[in-house]
Amino acid sequence: MNILLLGSGGREHTLAWKLTQSPKLQRLFVAPGNAGTSSIATNLHLNINDFDEVKTAVLYNNIQMVIVGPEDPLVNGIHDFFLKDPTLKDIPVIGPEKHAATLEGSKDFAKQFMIRHGIPTAAYQSFTAETVEEGFAFLNTLKPPYVLKADGLAAGKGVVILQDIEEARAELSQMLLESKFGKASTTVVIEEFLSGIELSCFVLTDGKHYEVLPTAKDYKRIGEGDTGLNTGGMGAISPVPFADSIFMEKVSQQIIIPTIQGLQKDNIPYKGFIFIGLIQVGEDPYVIEYNVRLGDPETEVVLPRIKNDLVTVFEAIAKQTLDTVDLEIDERTAATVMTVSGGYPEAYEKGFEIRGLETIKDSLVFHAGTTIKDNKIITNGGRVIAVTSFGKDHIEALQKSYRNVEKIAFKGKYYRKDLGFDL
Ligand code: AMP
Ligand code: GLY
């Protein structure tokens, strides 16, 4: 089978690495990909949100399955585009249709879905420019910290948490009246602050059946001790030690099953990954958010632990026979450490040569923001290289990753040295 994978990050290099292990794979194309994917697949230079361009590439390369890494093509309706096109409709797309992708594309839609199906989440109300005064009044009823969320996609920057009521009022004004996040903040969700430890739970569904993937915990802040600005993710660990069987049974009963049944009751078809951002409050799980894709860098620790042939799993999604698949999970812990460009997540430079990758033998090296120029691998983004290792626990796995991260050299390289500090 020829497969096209969309995306260019560490998540996509990991998916590509896993797909190329399948005897069912003939040719793998990645668009646009990175230096890592170019070494195991064929990169295609195309705009993955221009579906006519994707169509041309699919037909030209005789693609038989499309796997969507990031959320934006899904929220923009790539799956619907395939279903509506007579030449594409029989080519399975792994990733949900637009309606389901609204679970990530609109926080208000996701909150309404959770409330409708009794799924535990923070109490909330939504406001627009017309109801900004009611928004101020709602803030007055809450205790700090105040959680304000732009409803739409805002490149991971749309959530603002503030201690001070005056700052919260100013933020709400900016979002609603001054379009701080453009169209994404036409509606703002204000919600109750939940205090606890976060984890990511991944579910794979064909719309009828589902499989729960290993849990993971990512480290979002740039600074040690979880300080400083939010990033795409500085590292991840799987499994999450505190997500024991009692906790996961609650997640299953209170969150996963009502989510799958809720999609069915609402007539929302779903073929793909559901990423449930959870927070443990006391002993109980609450949903912080849904994403309609795999997480990055969680993928770099979740996929290496799955022993199954991924093409077979994706075929079962397409045929709605996921009940015939038994996931086999590696018992060991996987940990990934992300190296990033100096300055990230604010302004940073790119184009620096990356050295030392070939010296790493006992860890997996996944490329994120990298490209090739003059036969050299160079930095091409904020997050650059993730190094994943296995161990009997997260301490052993992290030690191995850290040892190998030190062998990688590029100008301005930074990484967090305290991953797992909170476990
Ligand atoms: P989101 O984009 O919805 O994942 O939010 C980004 C981050 O903000 C989350 O990973 C949490 O750390 C934090 N967050 C979001 N909602 C809440 C909440 N209700 N209470 C506490 N923290 C939150
Ligand atoms: N690691 C968080 C995300 O992928 O959104």
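Preceding block: the structure.
In this numbering scheme, every chain counts its residues from 1 along its sequence in written order. Written order determines the labels here, with chains lettered from A and ligands numbered from 1. Only residues with pLDDT of at least 70 are given local features in this predicted model, and only at 80 or more are side-chain atom pairs given and counted; all residues enter the totals for whole chains, interfaces and linings. Excluded from the side-chain calculation are hydrogens and water; included are all heavy atoms of the structure.

Engineer: Would you explain the overall build of the chain in this entry?
Structural biologist: Helix numbering and strand numbering both begin at the N terminus, where a helix is a DSSP run of H or I of at least 4 residues and a strand a DSSP run of E of at least 2. A tally of helices and strands in the chain yields 13 helices and 22 strands. In this description the radius of gyration comes from C-alpha coordinates, and the expected globular size is given by 2.2 Å times residues to the power 0.38. Computed over C-alpha atoms, the radius of gyration of the chain comes to 21 Å, within 12% of the 22 Å expected from 2.2 N^0.38 for 423 residues, which places it in the range of a compact globule. Overall size of the chain, expressed as C-alpha extent along the three principal axes, is 60 × 50 × 45 Å. Summary of the burial criterion: residues with accessible area below 20% of their type's maximum are buried, those above 50% are exposed, and those between are partly exposed, where the area comes from a 1.4 Å probe applied to protein chains only. Taking all 423 residues of the chain together, 57% fall into the buried category. Working rule for contacts: check all heavy atoms of both residues, and any pair within 4.5 Å makes them a contact. Nonlocal contacts in the chain, meaning residues at least 24 apart in sequence, comprise 68% of its contacts between residues at least 6 apart.

Engineer: Looking at this structure, I do not really get the pairing of strand 20 (residues 370-373). What am I missing?
Structural biologist: Two faces make up the sheet, and in a regular strand the side chains alternate between them. Pairing of strand 20 with strand 21 (residues 376-379) involves four bridges; the strand directions are antiparallel. Following the sheet pairing, isoleucine 372 is matched in strand 21 by isoleucine 377. By this definition, two strands are paired if DSSP reports at least two bridges between them. The turn joining strand 20 and strand 21, which pair antiparallel and follow one another in sequence, is formed by two residues; a positive phi near 50 degrees is taken by aspartate 374.

Engineer: Would you mind showing me how to read the side chain of glutamate 298 here?
Structural biologist: Summarising the element assignment, glutamate 298 is placed in the loop between strand 17 (284-291) and helix 11 (299-302). Counted as positive: Lys and Arg. Counted as negative: Asp and Glu, with His and the chain ends omitted from the count. One side-chain nitrogen of Lys or Arg within 4 Å of one carboxyl oxygen of Asp or Glu is enough to make a salt bridge. Lysine 220 is the oppositely charged side chain nearest to the buried, salt-bridge-free glutamate 298, at an N-O distance of 5.5 Å. Any pair of N or O atoms that falls within 3.5 Å is considered a polar contact. Within protein, one atom must be able to donate a hydrogen and the other to accept it, and sequence-neighbouring residues count only if both atoms are side-chain atoms. Side-chain polar atoms of glutamate 298 contact the side chain of serine 200, separated by 2.8 Å. Here glutamate 298 is in contact with Ser200, Phe202, Ala216, Asp218, Ala236 and Phe275, once residues within four sequence places are set aside.

Engineer: Before we go on, may I ask you to explain the nonpolar core in this structure?
Structural biologist: The nonpolar side chains of a soluble globular protein tend to be buried, and buried together. Residues belong to one nonpolar core when they are buried, are Ala, Val, Leu, Ile, Met, Phe, Trp, Tyr or Cys, and are joined through side-chain atoms within 4.5 Å. One finds Leu4, Val58, Val66, Phe82, Leu103, Ile276 and Tyr290 to be the most contacted residues of the largest nonpolar core, which totals 50 residues. Sorting elements by how many residues they give to this core places helix 10 (residues 245-265) first, with seven residues. Once residues lying within four places of it in the same chain are set aside, the contact partners of leucine 103 are Phe109, Ala110, Phe113, Leu263, Tyr270, Tyr290 and Val292.

Engineer: It is not clear to me how the site of ligand 2 should be interpreted in this structure. Could you clarify?
Structural biologist: Near ligand 2 the following residues occur: Asp218, Gly232, Phe275, Arg293, Gly295, Asp296, Pro297 and Glu298. The contact in question runs from a nitrogen atom of ligand 2 to an N or O atom on the backbone of glycine 232, over 3.4 Å. At 3.0 Å from an oxygen atom of ligand 2 is found a side-chain nitrogen or oxygen belonging to arginine 293. The method behind every accessible area is Shrake-Rupley, applied with a 1.4 Å probe, and residues are considered shielded solely by the protein chains displayed. In the complex, 86% of the free accessible area of ligand 2, which totals 200 Å², lies under the protein chains. Amino acid classes used here: Ala, Val, Leu, Ile, Met, Phe, Trp, Tyr, Cys and Pro are nonpolar; Asp, Glu, Lys and Arg are charged; the rest, including Gly, are polar. The residue makeup of the shell around ligand 2, split by class, is two nonpolar, two polar and four charged. Think of it this way: one heavy atom of a residue within 4 Å of a molecule or strand is enough to make that residue near it.

Engineer: Help me out: how do you make sense of the sheet that holds strand 8 (residues 159-162) in this one?
Structural biologist: The strands making up a sheet associate through backbone hydrogen bonding, with each pair oriented either parallel or antiparallel. Across the sheet, four strands lie side by side as 6-9-7-8; this open sheet has antiparallel pairing. Each end of this open sheet is capped by a strand with a single partner; those strands are strand 6 (124-127) and strand 8. Taken over all neighbouring pairs, the strand axes of this sheet differ in orientation by 20 degrees on average, direction set aside. Note: strand 7 (residues 146-150) against strand 8, four bridges, orientation antiparallel. Its bridge partner lying in strand 8, lysine 149 is registered against valine 159. Angles here are taken between N-to-C directions and fall from 0 to 180 degrees, while the axes themselves are lines fitted to C-alpha atoms, restricted in helices to the stretch in contact. Of the strands in this sheet, strand 6, strand 7, strand 8 and strand 9 (188-191) are in contact with helix 7 (residues 107-116), which crosses strand 6 at around 145 degrees. Contacting strand 6, strand 7 and strand 9, helix 8 (residues 132-141) crosses the sheet at an angle of about 160 degrees to strand 6.

Engineer: I keep staring at the environment of alanine 57 and nothing clicks. Help me out?
Structural biologist: With respect to the helices and strands, alanine 57 occurs in helix 3 (residues 51-60). Residue alanine 57 is classed as buried on the basis of its relative accessible area, which comes to 10%. The spatial distance from the C-alpha of alanine 57 to the C-alpha of leucine 46 is 8.5 Å, given a sequence separation of eleven residues. Leaving out residues up to four positions away in the same chain, alanine 57 has contacts with Leu44, Leu46 and Ile63.

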